[in-house]
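Observations on chain architecture
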Amino acid sequence: MHLPKAELHLHIEGTLEPELAFALAERNEVALPYATADELRAAYEFEDLQSFLDLYYALMAVLRTEEDFAELVDAYLARAAAQGVRHAEIFFDPQAHTARGVPIGTVIEGIGRALERSEETHGVSTQLIMCFLRDLSAESALGTLDAAKPYLHRISAIGLDSAEVGHPPAKFREVYEAATALGLRKVAHAGEEGPPEYIREALDVLGVERIDHGLRCLEDPELVERLVAGRVPLTLCPLSNVRLRTVDTLADHPLPAMLAAGLHCTVNSDDPAYFGGYAGDNFDAVRDALALDREQLRTLARNSFEAAFLDHDEERRAR
Ligand code: ES4
Ligand code: ZN
């Protein structure tokens, strides 16, 4: 689907396609526990979020140099542009790299180098969102924000991702306050596997402007009312929900009901190399499985630009 759209929920490490993983493994002399790209792809059968995360963190071991990160980003932007993405707000997980001994500057400068030339090369405007791993400590998140200070000119917002259950948003109150003081915008994953209460906490304690996923808001009608009234964007990822077994099949996805309820829904790809599709593929999949009409698809595309961290002029240019 080539409808112009903004991608608002995309983990750059989740765009690592098996072929690039093998090329980088060879270049960096990193051993992978799979013989071929096809064999690796065959391992993409997930039970839940954690079973995916285990492979996602393991495969990142191939990313070592600035050039590796720049290549990863460039490959993503080319694919996104081909599917109608005009603006991308990209998550990255610095702690997943610093924990392996890759300096945060290598990560941010490598990603930043590719983002700098994106409008010219791919016609895609971009912003960068630094995520904290919620299964690590609040102190580690604070240390990461501190380490990112020399690079804040490249970062628009902070986010919260990784294993959700047992790691409520309130654990990160202090780092979100510190980020606010630095002028950063705020999002957080909530209500993917975690309960509706985590969505409330992300709004009330962290002050986020968008909720990543937010699917489980549907269990709490009062919360739905609040999200509708506040026009809080939800960055839904339909193919991800199927692959991580949050919904049984795409035909069971509650997107149509969420749109009908007046929720500010957007459709995104999460970890496209692992979940079977980029932004346009997710649009195609929901159109086909849920029989969305043109008007609903246009609403989703319009919502994506409205929910983006763009000012009015930028938004007009991107559309
Ligand atoms: C993620 Cl699907 C998902 N959920 C939470 N954290 C993540 N990191 C990368 N993909
Ligand atoms: Zn995500």
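Model, not experiment: these values are computed from the prediction.

Rules and cut-offs
Residues numbered from 1 in each chain as written. Chains lettered and ligands numbered in written order. Predicted model: local features only at pLDDT ≥ 70, side-chain atom pairs only at ≥ 80, totals over all residues. UniProt positions renumbered as here; feature names shortened; annotations may be inferred. Helix = DSSP H or I, 4+ residues; strand = E, 2+ residues; numbered from the N terminus. Buried ≥ 20, exposed ≤ 12 C-beta atoms within 10 Å, placed from the backbone. Contact = placed C-beta atoms within 7 Å. Axes fitted to C-alpha atoms, helices over the stretch in contact; angles between N-to-C directions. Parallel < 35°, antiparallel > 145°, perpendicular 65-115°, else oblique. Left-handed = near helix turned anticlockwise from the far one by under 90°. Near = placed C-beta within 6 Å. Nonpolar A, V, L, I, M, F, W, Y, C, P; charged D, E, K, R; others polar. Expected span 1.5 Å × (residues − 1). Arc of directions from axis to C-beta. Pairing = 2+ DSSP bridges. Right-handed = clockwise from strand over helix to strand, strands pointing away.

Time to look at the UniProt feature "binding site: substrate" (unreviewed entry) in the protein chain. On the UniProt side, "binding site: substrate" (unreviewed entry) is annotated at positions that read D271 here. Relative to the elements of secondary structure, D271 occurs in the loop between β8 (264-267) and α14 (272-275). When the 25 C-beta atoms within 10 Å are taken as the criterion, D271 is described as buried. Beyond its immediate stretch of four places on either side in the chain, D271 contacts H11, G14, Y56 and S240.

As a packed pair, helix α8 (residues 138-147) and helix α9 (residues 173-181) sit with axes 8 Å apart at the nearest point and diverge in direction by 15 degrees. When the interaxial angle is binned, α8 and α9 end up roughly parallel. Remark: the crossing between α8 and α9 carries right-handed chirality. Contact with α8, carried on its side by A138, A141, L142 and L145, involves E174, V175, A178 and A179 of α9 and no other residues of that element.

Our focus in this paragraph is the environment of E164. Note on placement: E164 falls in the loop between β4 (157-161) and α9. Along the sequence, E164 and L49 sit 115 residues apart, while their C-alpha atoms lie 8.7 Å from each other. Beyond its immediate sequence surroundings of up to four residues, E164 is in contact with L49, R134, H189, E192, E193, G194 and Y198.

Moving on, we get to the site of ligand 1. Near ligand 1 you find H11, G14, L49, Y56, D161, S162, H189, E192, S240, D270 and D271, and these make up its full shell. Across the shell around ligand 1, the residue classes break down as two nonpolar, five polar and four charged.

Turning to the UniProt feature "binding site: Zn(2+)" (unreviewed entry) in the protein chain, a few remarks are in order. In this structure's numbering, the residues bearing the UniProt feature "binding site: Zn(2+)" (unreviewed entry) are H9, H11, H189 and D270. A maximum C-alpha distance of 11.7 Å is found for the annotated residues, which run over 262 residues; spatially they form one tight group. Apart from residues no more than four positions distant in its own chain, H9 is found in contact with D212, T235, C237, N268 and D270. Looking at where H189 falls in the secondary structure, it is placed in strand β5 (residues 185-190). Assessed through the 28 C-beta atoms surrounding it within 10 Å, H189 is described here as buried. Beyond its immediate chain neighbours, meaning those up to four positions away, H189 contacts G159, L160, D161, E164, D212 and H213.

Let us now look at helix α4 (residues 66-82). Taking 1.5 Å per residue, 17 residues should reach 24 Å; α4 reaches 25 Å between its end C-alpha atoms and fits that length. If you check which residues of α4 are buried, you get D68, F69, L72, V73, Y76, L77, R79 and A80. An end-on view of α4 places all buried positions within 165 degrees of arc, on one side of the element. In the segment just after α4, G84 is the residue with positive phi, at about 90 degrees.

Moving on: the pairing of strand β3 (residues 125-133). Counted residue by residue, β3 has nine buried out of nine residues, so it is predominantly covered. The side-chain alternation of β3 yields two buried faces, one formed by S125, Q127, I129, C131 and L133 and the other by T126, L128, M130 and F132. Pairing between strand β2 (residues 85-92) and β3: six bridges, direction parallel. Following the sheet pairing, A88 is matched in β3 by T126. Where β3 lies against β4, five bridges are found, and the strand directions are parallel. Note that in β4 the partner of C131 across the bridge is G159. Read as a crossover between parallel neighbours, the route from β3 over α8 to β4 is right-handed.

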